[in-house]
Number of protein chains: 2
Amino acid sequence: MQRGRPIDIGLSCPLPIPAHDSVLLGHGSGGKMSAEMLRDIFLPAFQNPILARLDDQAIVEVHGCRLAFTTDSFVVKPLFFPGGDIGTLAVNGTVNDLAMGGAEPLFLSLAFILEEGLPMHVLRQVSESVKHAAARAGVQIVTGDTKVVEKGCGDGLFVNTSGIGLVSREVHLSANQARPGDRVLLSGMIGDHGITILAQREGFSFESSIESDTAALHGLVADMLRVSTGIRCLRDPTRGGLSSSLNEIAERSGVGIELQESAIPVREEVQGACEMLGLDPLYVANEGKLVAIVAPDAADILLAAMRQNPLGRDAQIVGTVTGAHPGMVTTRTRLGTSRIVDLLSGDQLPRIC
Amino acid sequence: MQRGRPIDIGLSCPLPIPAHDSVLLGHGSGGKMSAEMLRDIFLPAFQNPILARLDDQAIVEVHGCRLAFTTDSFVVKPLFFPGGDIGTLAVNGTVNDLAMGGAEPLFLSLAFILEEGLPMHVLRQVSESVKHAAARAGVQIVTGDTKVVEKGCGDGLFVNTSGIGLVSREVHLSANQARPGDRVLLSGMIGDHGITILAQREGFSFESSIESDTAALHGLVADMLRVSTGIRCLRDPTRGGLSSSLNEIAERSGVGIELQESAIPVREEVQGACEMLGLDPLYVANEGKLVAIVAPDAADILLAAMRQNPLGRDAQIVGTVTGAHPGMVTTRTRLGTSRIVDLLSGDQLPRIC
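Residues numbered from 1 in each chain as written. Chains lettered and ligands numbered in written order. Predicted model: local features only at pLDDT ≥ 70, side-chain atom pairs only at ≥ 80, totals over all residues. Heavy atoms only, no water.

Participant: How do you make sense of the sheet that holds strand E13 (residues 329-332) of chain B when you look at a structure like this?
Facilitator: Note on sheets: strands pair through backbone hydrogen bonds, and any given pair is parallel or antiparallel. Residue and element names in this part refer to chain B. Across the sheet, which stays open at both edges, the seven strands sit in the order E9-E11-E8-E12-E10-E13-E14 with mixed pairing between neighbours. In this open sheet, the two edge strands, each paired with only one partner strand, are strand E9 (231-235) and strand E14 (338-340). When strand polarity is set aside, the average angle formed by the axes of neighbouring strands in this sheet is 25°. Here strand E10 (residues 256-260) runs beside E13; their pairing, made up of four bridges, is parallel. (Pairing = 2+ DSSP bridges. Helix = DSSP H or I, 4+ residues; strand = E, 2+ residues; numbered from the N terminus. Axes fitted to C-alpha atoms, helices over the stretch in contact; angles between N-to-C directions.)

Participant: I keep staring at the packing of aromatic side chains and nothing clicks. Help me out?
Facilitator: The relative placement of two aromatic rings is captured by the distance of their centres and the angle of their planes. Within this structure, the stated rule accounts for four aromatic pairs over all chains. With centroids separated by 5.5 Å and ring planes inclined at 15°, the aromatic side chains of A:Phe42 and B:Phe112 adopt a geometry described as stacked. Taken together, the residues A:Phe42 in helix H1 (residues 32-46) and B:Phe112 in strand E5 (residues 103-115) connect one chain to another. Here A:Phe42 and B:Phe112 have matching classes, each one buried. Taking the centre distance of 6.4 Å and the plane angle of 50° together, the rings of A:Phe158 and B:Phe158 count as tilted. Here A:Phe158, found in strand E7 (residues 157-167), pairs with B:Phe158, found in strand E7 (residues 157-167), and the two come from separate chains. The pair formed by A:Phe158 and B:Phe158 is uniform in burial state, with each residue classed as buried. Over the ring of A:Phe74 we find B:Lys147, and its NZ or CZ is 5.6 Å from the ring centre. (Phe/Tyr/Trp six-rings, centres within 6.5 Å; stacked < 30°, edge-to-face > 60°. Buried < 20%, exposed > 50% of the residue type's maximum accessible area, 1.4 Å probe, protein only. Lys NZ or Arg CZ within 6 Å of the ring centre and 35° of its normal.)

Participant: It is not clear to me how the side chain of A:Thr94 should be interpreted in this structure. Could you clarify?
Facilitator: All names here are of chain A. Tracing the sequence through the fold places threonine 94 in helix H3 (residues 86-99). Under the relative-accessibility criterion, threonine 94 is labelled buried at 0%. Residue contacts for threonine 94: discarding those within four places in its chain leaves Thr70, Asp72, Phe74, Leu108, Thr161, Ser162 and Gly163. (Contact = heavy atoms within 4.5 Å.)

Participant: How should the environment of B:Gly256 be read in this particular structure?
Facilitator: Residues and elements named next belong to chain B. With respect to the secondary-structure elements, glycine 256 resides in strand E10. Each C-alpha atom of the pair glycine 256 and valine 291 lies 15 Å from the other, and the pair is 35 residues apart in sequence. Setting aside chain neighbours within four positions, we find glycine 256 in contact with Thr320, Val321, Thr322, Ala324, His325, Pro326, Gly327 and Met328.

Participant: I keep staring at helix H4 (residues 120-137) of chain B and nothing clicks. Help me out?
Facilitator: One turn of an α-helix holds 3.6 residues; hence residues three or four places apart share an orientation. Given a rise of 1.5 Å per residue, 18 residues ought to cover 26 Å, and the 26 Å separating the end C-alpha atoms of H4(B) matches this to within 8%. B:Met120, B:Val122, B:Leu123, B:Val126, B:Ser127, B:Ser129, B:Val130, B:Ala133, B:Ala134 and B:Ala137 are the residues of H4(B) that are buried. (Expected span 1.5 Å × (residues − 1).)

Below is the structure:
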């Protein structure tokens, strides 16, 4: 949990962050340390205008086609959890990264890194989950790869899914499109996935069952694109939660974002678990939610469209984009005070996806 | 090394292979056990006509574009070796998988799975190698992902590269296109990569230095496509070596392949190392070679074109496709006898790429 100082710590960071000599778990958090690694190592090495968009997917032109292209490795622990498994997560995660660019997801690749000794039935079960998730999402697994490493050199099963989608000429969603006055729409309850994984890992149990919200969101996105051209940017708040997604948008667009804490839907059990564990739901991972930055006059029609889709039933307007404090996300608490929602410093919950 | 019985052990295998209860290193070999896993787990789960081609890349139609799409994870040990490192290998490997479909490679994704504690300079060095290899190959890294796993749950650094290329309408290369009478062309010396890795890992040294042949082959392929429409199929003989690639082609095309052992170029040091270690160069991995099945009347012009490219300087016609013994690869030895070149049973050399 992170309630730190209001320093702007984005990619064009004005304050130097101390570099680390070796990789720490926090470098996989999707928070400050991830941003540091991106800034210090990856961006200098691979600078090009396509990568520099830093969205969840690249948009590339091939022979007159506008394609979305994305990749994601999954290392979630445990492999199976209430609501899904690593296979479901991989398919939905990659479909969502394409969908957040406004793309129609089409084709997925599937690459396994297996640890010697993995029970074959585990691989079979994960493959079945991939199959069903792909069928549900209407995408095809068209190419794959399998590597095996010695016992002790992996952790059961890691999977990478990359994906290709088609983007219409009219759609231009990006984290740098937010403007003061825009509204922040959230598609539903936050924190379910992260708390499910944590509970599973630590052996907690809750009175009523919480399960991962893993779901493919491209249908919801299509419903939204159908009713309005006012969408500026979409993100699925996975690693690092809603705070990471919104901080990235605030940073990339040079705007401030003001949330209304009371408007953010959180399941009672998730809120309770967070309080017990000292976590803030804004930092907990989701795998079936999206946050949308939309033009002010499009907010109501988009909200209505979202609520008609089962995956957006609990959608809410949760905040506003402002010209004040660029690069910063704040929230107005239930007590009426305001606090800064900074990027996560280390890793609150490693291997969440 | 494998000089086993002449059973047809391909994907439509007539003899049952005993299934394994858990994943073994041999399942990553690119040989029989990989084929078994593909047949028992992946093909039943993901059957579709695109995947069923079982080539090194999928060819998909998107909005009137013919795209090649491929994925590969790299787990090579050690990370650095004479002639390259895991970064070079990843870029060249994915470029080559696209090139073997006759595609012009365009865009790559890059996904790291890092082990906690990996020295940051290692990541930096690998990223530099990726950058340089991508620049040499003329492809752009446009999207990426980084995950971190706890110390002891990975092995330093694994990388996945997926790639997109554009395939011309006229080009239809596939492992099922070989016909009796076709010639087998090999672009150069075999075994360099595998022996380099093995030597590095085991601390052998040779009188003269052997290094990995890792290279991007799309320029060579373009030179070949320019002079002839007689190419049926291209493969880069990586894991499992030349034997694996040719067995797959023989199986998929329902043809026999007869090699001329004396025509297959092998560096003297590699031959010596193989003899010392009891390895057969036909099973040793290459990372900068291609094997082409071509129409008989196109063989000479293609051979000439290959030899004009530095990466095909040592190209040779090494065999013929026959109607006899479908699904089987044989070689005529220097002694004039014939032996079967079967698929590798286990894993001769784990984590070669």
